[in-house]
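A look at the structure
One letter stands for each residue in the lines below.
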Amino acid sequence: MTASTLDAVGGRLKQLRLRRDVTLTDLAHDTGISVSTLSRLEAGLRRPTLEQLLPLARYHGVTIDSLVDAPRTSNPRLDLRPLTCDDGSVVIPLTRRPGGIQAYKFVLPAASQDEEPRLHSHEGHDWAYVLNGTLRLVLGEHDLRLAPGEAVEFDTRTPHWFGATPDGPVEYLSLVGRQGQRAHVRATTRHQQ
């Protein structure tokens, strides 16, 4: 099992590099790994060592677990690897502790023109902050468009749906807590005396 796990790393490394539109020469310069070694790793002609995986994971901003496709734990709060959904969206858990407010980063692909929101509701409270793109939030009878830097807070018992617009993908942060738990925003700072 270890051999087959390490053999599959090359394809993931190549996919990450091509997704970022980086040459082997640039990657070699930034990681300190030779171009020939990187080429052999990507082609599956060489198995990576920990000394190679560390700088590659750091460069691509991923965990070593995701590079080697380590088995997931049964608790998603402990396994902070991104989850890719069938619709192309990606959910990245940002908190490890059980209970309390949970933080997530969502990356949603551009919506199709005919996409129909499917509203849902549940116990809890949600706070969302848009990082990039335009977030479409259908909240009860309101159809909102939120731009980067805008935030929204609401009781999740109100039927709601998050999505992107046809103009492009959207990235946003979400804090979700049980009913009665809310994110607290300090409006003013206290001066220490």
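Above this text you will find the structure in question.
Anyway, here's the lowdown on the structure attached to this text. Here, residues in each chain are numbered from 1, in the same order as that chain's written sequence. Only residues with pLDDT of at least 70 get local features here, since the model is predicted, and only at 80 or more are side-chain atom pairs given and counted; chain-wide, interface and lining totals rely on the full set of residues. Working from all heavy atoms in the structure, the side-chain values ignore hydrogens and water.

1. Structural notes on the sheet that holds strand 9 (residues 170-177)
Stated formally: Strand pairing is assigned whenever DSSP identifies at least 2 bridges connecting the two strands. Secondary structure follows DSSP: runs of H or I at least 4 residues long count as helices, runs of E at least 2 residues long count as strands, and numbering of each begins at the N terminus.
The sheet built from six strands is open, its strands ordered 1-2-3-9-4-7 with antiparallel pairing. Each of the sheet's edge strands pairs with one partner strand only, and the pair in question is strand 1 (83-84) and strand 7 (151-155). Relative to strand 9, strand 3 (residues 102-108) runs antiparallel, the two being bridged by seven bridges. The residue bridging A103 from the neighbouring strand is L175, located in strand 9.

2. A look at the pairing of strand 5 (residues 135-139)
The criterion, for reference: Whether a residue is buried, partly exposed or exposed follows from its accessible area with a 1.4 Å probe, protein chains only, as a fraction of its type maximum: under 20%, in between, or over 50%, in that order.
Of all the five residues making up strand 5, five are buried; the element is thus mostly covered by neighbouring parts of the structure. Side chains L135, L137 and L139 project from strand 5 onto one buried face, and the interleaved R136 and V138 project onto a second face that is buried too. Count of turn residues in the strand 5/strand 6 (residues 142-146) antiparallel hairpin: two residues, of which G140 carries a positive phi of about 65°. By the bridge criterion, five bridges tie strand 5 to strand 8 (residues 160-164) in an arrangement that is antiparallel. Bridged to V138 within strand 8 is W161.

3. Thoughts on the sheet that holds strand 6
Strands pair in a sheet through their backbones, by hydrogen bonds, and they do so in one of two ways: parallel or antiparallel. Rule in force here: Note on method: axes are straight lines fitted to C-alpha atoms, helices fitted across the in-contact stretch only, with angles between N-to-C directions ranging 0 to 180 degrees.
The sheet built from three strands is open, its strands ordered 6-5-8 with antiparallel pairing. Two strands in the sheet have a free side with no partner beyond their single neighbour: strand 6 and strand 8. Taken pair by pair, the neighbouring strands of this sheet meet at an average axis angle of 20°, ignoring direction.

4. As for the pattern of salt bridges
Note the following rule: For this analysis, a salt bridge means a side-chain nitrogen from Lys or Arg found within 4 Å of a carboxyl oxygen belonging to Asp or Glu.
Enumeration over the complete set of coordinates arrives at five salt bridges. Salt-bridge contacts for R17 lead to E42; the nearest nitrogen and oxygen are separated by 2.7 Å. One end of the pair, R17, is in helix 2 (residues 9-19); the other, E42, is in helix 4 (residues 35-43), with 25 residues separating them in the sequence. In this structure E42 comes out as buried when scored by relative accessible area, which is 11%. A salt bridge links D143 to R145; its shortest N-O distance comes to 2.7 Å. One network of salt bridges, with partners in common, ties together R136, D143 and R145.

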